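# Structure assessment
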Number of protein chains: 2
Amino acid sequence: MTIQAVVFDAYGTLYDIQSVAAITERAYPGYGELITQIWRIKQLEYTWLRSLMRRYEDFSVITRESLDYTLDCLGLKQDAEIFDSIMDKYLHLDLYPDALQALSELKDRKLAILSNGSTGMLNALVRNSGLDRLLDATISIDSKSIFKPSPDAYALIEETLRIAPTDVLFVSSNPWDACGAKAFGLKVAWIERVTPDAMVRAFERRDLVTPLAMFKAIRTQMDQLGLKPDHQISGLSDLPGLVAGIRP
Amino acid sequence: MTIQAVVFDAYGTLYDIQSVAAITERAYPGYGELITQIWRIKQLEYTWLRSLMRRYEDFSVITRESLDYTLDCLGLKQDAEIFDSIMDKYLHLDLYPDALQALSELKDRKLAILSNGSTGMLNALVRNSGLDRLLDATISIDSKSIFKPSPDAYALIEETLRIAPTDVLFVSSNPWDACGAKAFGLKVAWIERVTPDAMVRAFERRDLVTPLAMFKAIRTQMDQLGLKPDHQISGLSDLPGLVAGIRP
């Protein structure tokens, strides 16, 4: 069989990063969606900027700094207890509803996560969601001190699992991550969670838009980076069938 | 005198990137602001992603690909002539109104641009705006095949002008660029074009927001990257006074 391991991105792929919306809304009524979207957009920007500046800090620091930025930017008063309660959700993010079932059906392959998350954050998240019983490895890019989509980050899959990139299916819903993995030489399945039709419908009005629509426009459509994932699926539940069908 | 050269970022600092809004609106009535903001956000994302992926393409390619992405994302029909007319504006961006006067008053120092733009784009832009008469050098990061905020990009200032980083004042309105220059060791003046008060006022409503407000929230407030520019000014017109006042 050609696919010996299936390796997943964590944030946005197995775990729903939008599941912080309830806690941000409770903390700052009326601002939940704005905080959720600006925070996530800045969090990833900071991983890229710190990587390029060669000023690596781990993802827990970046997640705090991007939340801090977001609250300042919106003029919201900060409170240490509220801040920590929002941050804590990152250790208890919701799994996508089809995640557990899909992983269970893939148990004849090596299963792993490769994530920007710090080792501490990832281990807590995986344990809290029960994925520790299904995964063979949870790989943090932390040991490389550079974030995805640097090739150094994707190299950790072979270094950890001892499986060649061409025998690995990397799964991500993040377009830039799918492109980075493809550039590195992994086989890639991209999860298109927002179809082009749904994207267009998200902009019912053009002058006033929802923060979520802006997030979707920036971070859910396939990027134009000169690369194309090998496979496109619409959810994790498509994965067992896809993997079974991939022949050498 | 301690400041021997004043080096400017181009896009967003000397040149108003929002000045593409008229042509995008004319091309796609009702969509001008959305196109303008998504395009600029993706354009910079692509510089960072391609740099990290080690898949450099010059800024003219990235500017085309990010515009292409933006139109696709909004479900807008493409037309080669319209596309080229929008792209052409990048060679004719408006100078900020105080740019020419500020540069004229700084003529006792070396004056240069260090920009992500490709050599061809920058030379055309500088000539079309008349800045070629005031600048000693227009430096593109193109020869390094990596974009700002990589230290390799900022190293071009000393390599070109033969002036040490500590004797250079780098001027940018882009927070990530100001941080990148500071991390490299340049003296930095950051132009705060959107005050915190104006930022808060931009979000009059929280459920439905303008695309411009989202852009401002993401790209105009000082980033939290563990770095602080040496100086903060509110416009280019503050610069001659600032430079005159900087003592060893």
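Residues numbered from 1 in each chain as written. Chains lettered and ligands numbered in written order. Predicted model: local features only at pLDDT ≥ 70, side-chain atom pairs only at ≥ 80, totals over all residues. Heavy atoms only, no water.

## Looking at helix 3 (residues 59–73) of chain B
For helix 3 of chain B, with 15 residues, the first-to-last C-alpha span of 20 Å sits near the 21 Å given by 1.5 Å per residue. Within helix 3 of chain B, burial applies to B:Phe59, B:Ile62, B:Thr63, B:Glu65, B:Ser66, B:Leu67, B:Tyr69, B:Thr70, B:Leu71 and B:Cys73. Buried residues along helix 3 of chain B sit in contact with helix 9 (196–202) and helix 10 (211–219) of chain A together with helix 2 (32–53), helix 4 (80–89) and helix 6 (119–128) of chain B. (Helix = DSSP H or I, 4+ residues; strand = E, 2+ residues; numbered from the N terminus. Expected span 1.5 Å × (residues − 1). Buried < 20%, exposed > 50% of the residue type's maximum accessible area, 1.4 Å probe, protein only. Contact = heavy atoms within 4.5 Å.)

## Re the relation of the copies chain B and chain A
Taken as rigid bodies, chain B and chain A are interconverted by a rotation of 180° and an axial shift of 0.0 Å, the fit giving an RMSD of 0.0 Å. Here the transformation between the copies is reduced to the relation of a two-fold axis. The fraction of interface residues of chain B whose copies in chain A are also interface residues reaches 100%, indicating that both copies meet through the same surface. (Least-squares fit on C-alpha atoms with pLDDT ≥ 70 in both.)

## Digging into the interface of chain B and chain A
With 54 residues of chain B at the interface, the matching set in chain A holds 54 residues. Between chain B and chain A we count 6 salt bridges in total. For B:Arg54, the salt bridge goes to A:Asp152, with nearest N and O atoms at 3.2 Å. When residues of the side of chain B that touches chain A are traced back to their parent elements, those giving at least two are helix 2, helix 3, helix 7 (151–161), helix 8 (175–184), helix 9 (196–202) and helix 10 (211–219) of chain B. If one sorts the elements of the side of chain B that touches chain A by residue count, helix 2 of chain B sits on top with 12 residues. Broken down by class, the residue content of the side of chain B that touches chain A amounts to 30 nonpolar, 9 polar and 15 charged. (Salt bridge = Lys/Arg side-chain N within 4 Å of Asp/Glu carboxyl O. Nonpolar A, V, L, I, M, F, W, Y, C, P; charged D, E, K, R; others polar.)

## Side note on the pattern of salt bridges
Applying the stated criterion to the full structure yields 26 salt bridges over all chains. Salt-bridge contacts for B:Asp223 lead to A:Lys42; the nearest nitrogen and oxygen are separated by 2.8 Å. With B:Asp223 in the loop between helix 10 and strand 8 (231–233) and A:Lys42 in helix 2 (residues 32–53), the pair connects residues from two separate chains. Both residues of the pair, B:Asp223 and A:Lys42, count as buried. In this structure, the salt-bridge partner of A:Asp177 is A:Lys148, at a minimum N-O distance of 3.1 Å. Of this pair, A:Asp177 sits in helix 8 (residues 175–184) while A:Lys148 sits in the loop between strand 5 (137–140) and helix 7 (151–161), placing them 29 residues apart in sequence. Classification of A:Asp177 by relative accessible area gives buried; the value is 0%.

## With respect to the packing of aromatic side chains
Residue and element names in this part refer to chain A. On inspection of all chains with the given rule, the structure shows 18 aromatic pairs over all chains. A centroid spacing of 6.3 Å and a plane angle of 80° characterise the contact between Tyr46 and Tyr69, whose relative ring orientation is edge-to-face. Within this pair, whereas Tyr46 is found in helix 2, its partner Tyr69 is found in helix 3 (residues 59–73), the two being separated by 23 residues in sequence. Considered together, Tyr46 and Tyr69 belong to a single accessibility category, that of buried residues. (Phe/Tyr/Trp six-rings, centres within 6.5 Å; stacked < 30°, edge-to-face > 60°.)

## Quick word on the sheet that holds strand 7 (residues 187–191) of chain B
Residues and elements named next belong to chain B. Spatial strand order, 5-4-1-6-7-8: 6 strands in an open sheet with parallel pairing. Whereas interior strands pair on both sides, the edge strands pair on one side only; in this sheet they are strand 5 (137–140) and strand 8. Ignoring strand direction, the axes of neighbouring strands in this sheet form an average angle of 25°. Taken together, the 4 bridges between strand 1 (residues 5–8) and strand 4 (residues 110–115) define a ladder with parallel strand orientation. Along strand 4, the bridge assignment pairs Val7 with Ala112. (Pairing = 2+ DSSP bridges. Axes fitted to C-alpha atoms, helices over the stretch in contact; angles between N-to-C directions.)

## Describing the sheet that holds strand 1 (residues 5–8) of chain A
Residues and elements named next belong to chain A. Taken together, the 6 strands give an open sheet; going across it, the order is 5-4-1-6-7-8, and neighbouring strands pair in parallel fashion. Unpaired on one side and paired on the other, strand 5 and strand 8 (231–233) mark the two borders of the sheet. Averaged over neighbouring strand pairs, the angle between their axes works out to 25° when direction is ignored. Those strands touched by helix 8 are strand 6 (168–172) and strand 7 (187–191), and its axis lies near 170° from that of strand 7.

## So, the side chain of A:Thr47
Residue and element names in this part refer to chain A. The topology assignment puts Thr47 in helix 2. Its relative accessible area of 0% is what places Thr47 among the buried residues. A polar atom in the side chain of Thr47 sits 2.6 Å from the backbone oxygen of Leu44. Filtering out sequence-adjacent residues up to four positions away, Thr47 remains in contact with Phe59, Ile62, Asn116 and Phe147. (Polar contact = N/O pair within 3.5 Å; in protein donor to acceptor, adjacent residues only side chain to side chain.)

## Comments concerning the confidence of the model for chain A
Confidence along chain A averages 97 in pLDDT terms, with 100% of residues attaining 70 or more. ipTM for the predicted complex: 0.97, alongside a pTM of 0.98. (pLDDT = per-residue confidence, 0-100.)

## Examining the environment of A:Thr2
All names here are of chain A. Along the chain, Thr2 turns up in the segment before strand 1. As a C-alpha pair, Thr2 and Ser237 span 235 residues in sequence and 20 Å in three-dimensional space. Beyond its immediate chain neighbours, meaning those up to four positions away, Thr2 contacts Thr166, Asp167, Lys187, Ile246, Arg247 and Pro248.

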